[in-house]
Amino acid sequence: MKAMIFAAGRGERMRPLTDTCPKPLLKVRGRPLIVWHILNLVRAGITDLVINHAHLGQLIEQALGDGSQFGASIKYSPEAQALETAGAIAQARHLLGQEPFLAISGDIYCPYFDFEQVKDVLVDKDVLGQPYPPDKRDVAWLYLVKNPWHHPQGDFGLTLYTVTNEGSPLWTFGNIGVYRPEMFDAIAPGTRAQLGTLIRQQAARGLVGGEIYAGDWTNVGTKEQLSQLNGGIKE
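These numbers were taken from a predicted model, which means no experiment stands behind them.

What counts and how
- For every chain, the first residue of the written sequence is number 1, and numbering continues from 1 onward in sequence order.
- Where totals are concerned, whole chains, interfaces and linings use all residues; where local detail is concerned, this predicted model gives features only for residues with pLDDT of at least 70, and gives and counts side-chain atom pairs only at 80 or more.
- As a rule here, side-chain values cover all heavy atoms of the structure and leave hydrogens and water aside.
- Secondary structure elements follow DSSP: runs of H or I no shorter than four residues count as helices, runs of E no shorter than two count as strands, and numbering proceeds from the N terminus.
- We compute the radius of gyration over the C-alpha atoms and compare it with the globule rule, which gives 2.2 Å times the number of residues raised to the power 0.38.
- Note on definitions: a residue-residue contact is assigned when non-hydrogen atoms from the two residues lie within 4.5 Å.
- Reported accessibility uses the Shrake-Rupley method at a 1.4 Å probe radius. Residues are deemed covered only where the shown protein chains occlude them.
- Working convention for charge: Lys and Arg count positive, Asp and Glu count negative, and His plus the chain ends are omitted.
- To locate a charge, take atom NZ for lysine, CZ for arginine, CG for aspartate or CD for glutamate.
- The classification of residues rests on relative accessible area computed with a 1.4 Å probe and restricted to protein chains. Under 20% of the type maximum is buried, over 50% is exposed, and intermediate values are partly exposed.
- Side-chain atoms alone can form a polar contact between residues adjacent in sequence; in general such a contact is a pair of N or O atoms within 3.5 Å, and within protein one must be able to donate a hydrogen while the other accepts it.
- Definition used for salt bridges: Asp or Glu carboxyl oxygen within 4 Å of a side-chain nitrogen of Lys or Arg.
- Under the pairing criterion, centres of Phe, Tyr and Trp rings, with the six-membered ring standing for Trp, must be within 6.5 Å; the plane angle then separates stacked pairs below 30 degrees from edge-to-face pairs above 60, leaving the rest tilted.
- For a ring to carry a charge above it, either NZ of a lysine or CZ of an arginine must fall within 6 Å of the ring centroid while also lying within 35 degrees of the normal to the ring plane.
- For every residue, the predictor states its confidence as a pLDDT score lying anywhere from 0 to 100.
- Remark: nonpolar core denotes a set of buried residues (Ala, Val, Leu, Ile, Met, Phe, Trp, Tyr, Cys) joined through side-chain atoms within 4.5 Å.
- A pair of cysteine sulfur atoms is labelled a disulfide when the two atoms are within 2.5 Å.

### So, the overall build of the chain
Working step 1: Tallying secondary structure elements over the chain gives 7 helices and 13 strands in all.
Working step 2: A globule of 235 residues ought to have a C-alpha radius of gyration of about 18 Å, and the chain, at 17 Å, matches this closely.
Working step 3: Contacts in the chain between residues at least 24 apart in sequence constitute 73% of all its contacts with a sequence separation of at least 6.
Working step 4: Summing over all exposed atoms, the chain offers an accessible surface of approximately 11,300 Å²; the carbon and sulfur share of this is 52%.
Working step 5: Within the chain, one finds 22 positive and 24 negative side-chain charges whose respective centroids are separated by 4 Å.

Spelled out as C-alpha cells, the structure:
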C-alpha cells in the first residue's frame, strides 16, 4: 500500500510561524508533525510515500529528502498553488498506482495511530469469499473522531461501519482515509477540488465505510494548540 501525506496548506492561523516554516514541519514534542506520520507509517510497513507541497515546498524536500533517513521512499507532487485535497490526489495519481491508498493530513497529531489497520479495510470480497461487483463495493474508508472543541457540529454519521451524511451522533472526519483511485477519475490534474465533496457524494450512494478512532488526535490549527501540545497540556 502507498500513502499520501497532504502538506500544501498555507497555515494562515499559524502565522507568523508559517511565514518561514511549512506547517507540517512545525515541531510537536521535538519532532516535526509530518515526521510523526512517516515513522508510524514505516513502522507499519507502509514505506512508499507521496507528499504534495506548495507553500515553502522546497523546505519540505530539504528536510525529508528521499525518505531513506526514515526507511521510506518519498516522491513529491509539487503544486504551484494548493489544489485542495481531492485536487492534490488527482495531481498525484500517476504516483499512487492502481490499488487503494492511504491519505492523511500532514498537520494532524496522532502519535499512536496504528497504520497496520488500514491495509485491508477496502477488501473486495464478502464473508463467503465472493468478489463484490464494482458498483457495490466501498470506494473509501474513513477514520472518524470525537468532535473537537473547534468543530462541535461534526461531519458524518456512522451506522454499522457505513458512513452517512446525516445521523446522530455526528462524528468529525479525522483526515485519515483509504481511497480507491477510481474515485478521482473525474478530476483533471491541476484542478482544485475538495475531498469532502467527493466523500459526501459517495456516502449518499452508501459506498463509504468507516470506524471510530478513539486515540489521541489533534488537528493542529492554531499557535495555542501547538503550544498546548508542546507543554503537555491535554486538549
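### Some words on the side chain of Gln225
Working step 1: On the secondary structure map, Gln225 appears in helix α7 (residues 223–230).
Working step 2: Looking at Gln225, the relative accessible area reads 3%, which means it is buried.
Working step 3: Within polar-contact distance, the side chain of Gln225 engages the backbone oxygen of Asn219 at 3.2 Å.

### Quick word on the pattern of salt bridges
Working step 1: In the structure shown here, the tally under the stated rule is 6 salt bridges.
Working step 2: Asp19 is paired through a salt bridge with Arg15; the nearest N and O atoms lie 2.7 Å apart.
Working step 3: Among the residues examined, Asp19 registers a relative accessible area of 31% and is labelled partly exposed.
Working step 4: In this structure, Glu84 and Arg192 form a salt bridge, with 3.0 Å as the shortest nitrogen-oxygen distance. With Glu84 in helix α4 (residues 84–91) and Arg192 in the loop between β11 (172–179) and α6 (195–204), this pair connects stretches of sequence that are 108 residues apart.

### Section: the packing of aromatic side chains
Working step 1: Counted by the stated rule, this structure contains 8 aromatic pairs.
Working step 2: Considering the side-chain rings of Phe101 and Tyr179, the 6.1 Å spacing of their centres and the 50° angle between planes classify their relative orientation as tilted. Here Phe101, found in strand β6 (residues 101–105), pairs with Tyr179, found in strand β11; they are 78 residues apart in sequence, far enough to count as distant. For the pair formed by Phe101 and Tyr179, the shared burial category is buried.
Working step 3: When the ring of Phe101 is compared with that of Phe184, the centres are 6.2 Å apart and the planes differ by 40°; the resulting orientation is tilted. Taken together, the residues Phe101 in strand β6 and Phe184 in the loop between β11 and α6 connect sequence positions 83 residues apart. Each member of the pair, Phe101 as well as Phe184, carries the same accessibility label: buried.
Working step 4: Members of the aromatic cluster, joined through ring pairs, are Phe113, Phe115, Tyr143 and Tyr213.
Working step 5: When the ring centre of Trp36 is taken as origin, the NZ or CZ atom of Arg31, which lies over that ring, is 4.4 Å away.

### Side note on the confidence of the model for the chain
Working step 1: Of the residues in the chain, 93% have a pLDDT of 70 or more, and the chain-wide mean is 90.
Working step 2: For the chain, per-element mean pLDDT is lowest for α7, which scores 82, and highest for strand β4 (residues 48–53), which scores 98.

### Some thoughts on helix α2 (residues 33–43)
Working step 1: Counting buried residues along α2, 8 of its 11 residues qualify, which places the element largely inside the surrounding structure.
Working step 2: What α2 keeps buried is the set Leu33, Ile34, Val35, Trp36, His37, Ile38, Asn40 and Leu41.
Working step 3: Once α2 ends, the next one or two residues include Gly45, with phi positive near 85°.

### Some points on the nonpolar core
Working step 1: Within the largest apolar cluster, 34 residues are counted, with the highest numbers of intra-cluster contacts made by Ile34, Ile38, Ile51, Leu64, Phe115 and Ile176.
Working step 2: Every element with two or more residues in this core is listed here: β1 (2–6), α2, β4, α3 (57–64), β5 (73–78), β6, β8 (140–145) and β11.
Working step 3: Examining the composition of this core, we find that 4 residues originate from one element, α2, more than from any other.
Working step 4: Setting aside anything within four residues of it in sequence, one finds Phe115 in contact with His37, Asn40, Leu41, Ala44, Ile46, Leu102, Ile104 and Ile176.

### Points about the side chain of Asp107
Working step 1: Relative to the assigned elements, Asp107 resides in the loop between β6 and β7 (108–109).
Working step 2: Beyond its immediate stretch of four places on either side in the chain, Asp107 contacts Lys23, Leu33, Thr218, Asn219 and Val220.

### Here we look at the state of the cysteines
Working step 1: Considering all chains together, one arrives at 0 disulfides under this definition.
Working step 2: Lacking any disulfide linkage, Cys21 is separated from the closest cysteine sulfur, that of Cys110, by 19 Å.
Working step 3: Given the relative accessible area of 3%, Cys110 is considered buried.

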